[in-house]
Structure formats: structure tokens, C-alpha cells
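Chains, contacts and geometry: an overview
Residues per chain, in single letters:
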Amino acid sequence: QVQLVESGGGLVQPGGSLRLSCAASGVVFRLYAMGWYRQAPGKQRELVAAITSGGGTKYADSVKGRFTISRDNNKNTLYLQINSLKPEDTAVYYCGTYRGSLAAGTIQAWGQGTLVTVSS
């Protein structure tokens, strides 16, 4: 059973930064592609960034240049560094582990989410 626990969210001002973490267990972490998604109130969950088992990455156009996804396989942890935060980044951020390839886009398991609120 895969278990994912996100942390690092909070209330920040526009232009601020956060580092989100996702601790994984119940999985051979290094073998899996991982992703960060977010869901704002009244909106559908959307892909923010993803990383392959080999370290290849992709990003949503809205976050390119501001967000960085990374992983530490020795710590079984996924990270999302968020810089230059904007109010429209406000959402619950979820990590997930992919079933199969990134191209298939199927998430096997989700974490509980961590709330990021950007407000002045």
C-alpha cells in the first residue's frame, strides 16, 4: 500500500517562496514517476509538475520558471520548490505516484494534500 504525506504549505504573501515535501512509503520510490497536482476551489485538479524515475521533468506552462520539482531517492521524498508566488497559485497541492509511464497519466495513489494560500 502506497502512502504519501505532503507538508510545507502555508500562508504567504505574493512574491514569496515555499518548499513542499512529499514523503513516500510502501513503494520502491526510486522506480516510480511522481507528480505534483493542485486544486483550487471550484476548479478541477491540474498537473503542476512531474518527474520520471530517471529525473526527467515537465511543467505546466503557468509555473515554468517559478516551480522546480525534484526528488531524493535516498530519502524517499519528492519536493516542489515554489518561487515568485502569485495569488492564482492558491490551491491544495497533492503529490501522486504514477501507475506506469508519465504519458499514460494515471495516478496510483494520492497524498492528503497541503494548502498553499497566497494573499496580501
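We now turn to the structure provided with this report. (Residues numbered from 1 in each chain as written. Predicted model: local features only at pLDDT ≥ 70, side-chain atom pairs only at ≥ 80, totals over all residues. Heavy atoms only, no water.)

The next subject is the pairing of strand 5 (residues 46–51). As paired elements, strand 4 (residues 34–39) and strand 5 share five bridges and run antiparallel to each other. In the sheet register, glycine 35 faces strand 5, and the bridge partner there is alanine 50. Counting the residues between successive antiparallel strands, the hairpin from strand 4 to strand 5 contains six residues, one of them, glycine 42, with a positive phi of roughly 75 degrees. Bridge analysis of strand 5 against strand 6 (residues 57–59) gives three bridges, and the strand direction is antiparallel. Among the inter-strand pairings, alanine 49 is bridged to a residue of strand 6, identified as tyrosine 59. Count of turn residues in the strand 5/strand 6 antiparallel hairpin: five residues, of which glycine 55 carries a positive phi of about 100 degrees. (Pairing = 2+ DSSP bridges. Helix = DSSP H or I, 4+ residues; strand = E, 2+ residues; numbered from the N terminus.)

Counted by the stated rule, this structure contains one disulfide. Two residues, cysteine 22 and cysteine 95, share a disulfide whose sulfurs are 2.0 Å apart. With the S-S bond torsion at 60 degrees, the cross-link from cysteine 22 to cysteine 95 turns out right-handed. Highlighted residues: cysteine 22 in strand 3 (residues 18–25) and cysteine 95 in strand 9 (residues 91–98), separated in sequence by 73 residues. The buried category is assigned to cysteine 22, whose relative accessible area is 0%. (Disulfide = S-S within 2.5 Å. Buried < 20%, exposed > 50% of the residue type's maximum accessible area, 1.4 Å probe, protein only.)

Okay, the nonpolar core next. Ranked by size, the top nonpolar core spans 29 residues in total, and within it Trp36, Val48, Leu78, Leu80 and Tyr93 carry the most contacts. Looking at this core, the elements that each hand over two or more residues are strand 3, strand 4, strand 5, strand 7 (67–72), strand 8 (77–82), strand 9 and strand 11 (114–118). Per element, the largest residue contribution to this core is four residues, and it comes from strand 3. In contact with valine 48, other than residues within four places in its own chain, are Trp36, Tyr37, Arg38, Lys58, Tyr59, Ala60, Val63, Phe67, Leu80 and Tyr93. In terms of nonpolar packing, the next biggest core, distinct from the first, is built from six residues, Ala33, Ala50, Leu102 and Ile107 among them. (Core = buried A, V, L, I, M, F, W, Y, C linked by side-chain atoms within 4.5 Å. Contact = heavy atoms within 4.5 Å.)

Of note in the backbone geometry, asparagine 76 takes a positive phi value of approximately 55 degrees without being a glycine. With respect to the helices, strands and loops of the structure, asparagine 76 is situated in the loop between strand 7 and strand 8. Backbone geometry at serine 84 places phi at a positive 50 degrees, although glycine is not the residue there. Among the structural elements, serine 84 can be located in the loop between strand 8 and strand 9.

This next bit is on the sheet that holds strand 8. Within the open sheet, the four strands sit side by side as 1-3-8-7. Their pairing is antiparallel. The sheet is open, and its two edges are formed by strand 1 (3–7) and strand 7, each paired on a single side. Pairs of neighbouring strands in the sheet enclose a mean axial angle of 15 degrees, with direction left out of account. (Axes fitted to C-alpha atoms, helices over the stretch in contact; angles between N-to-C directions.)

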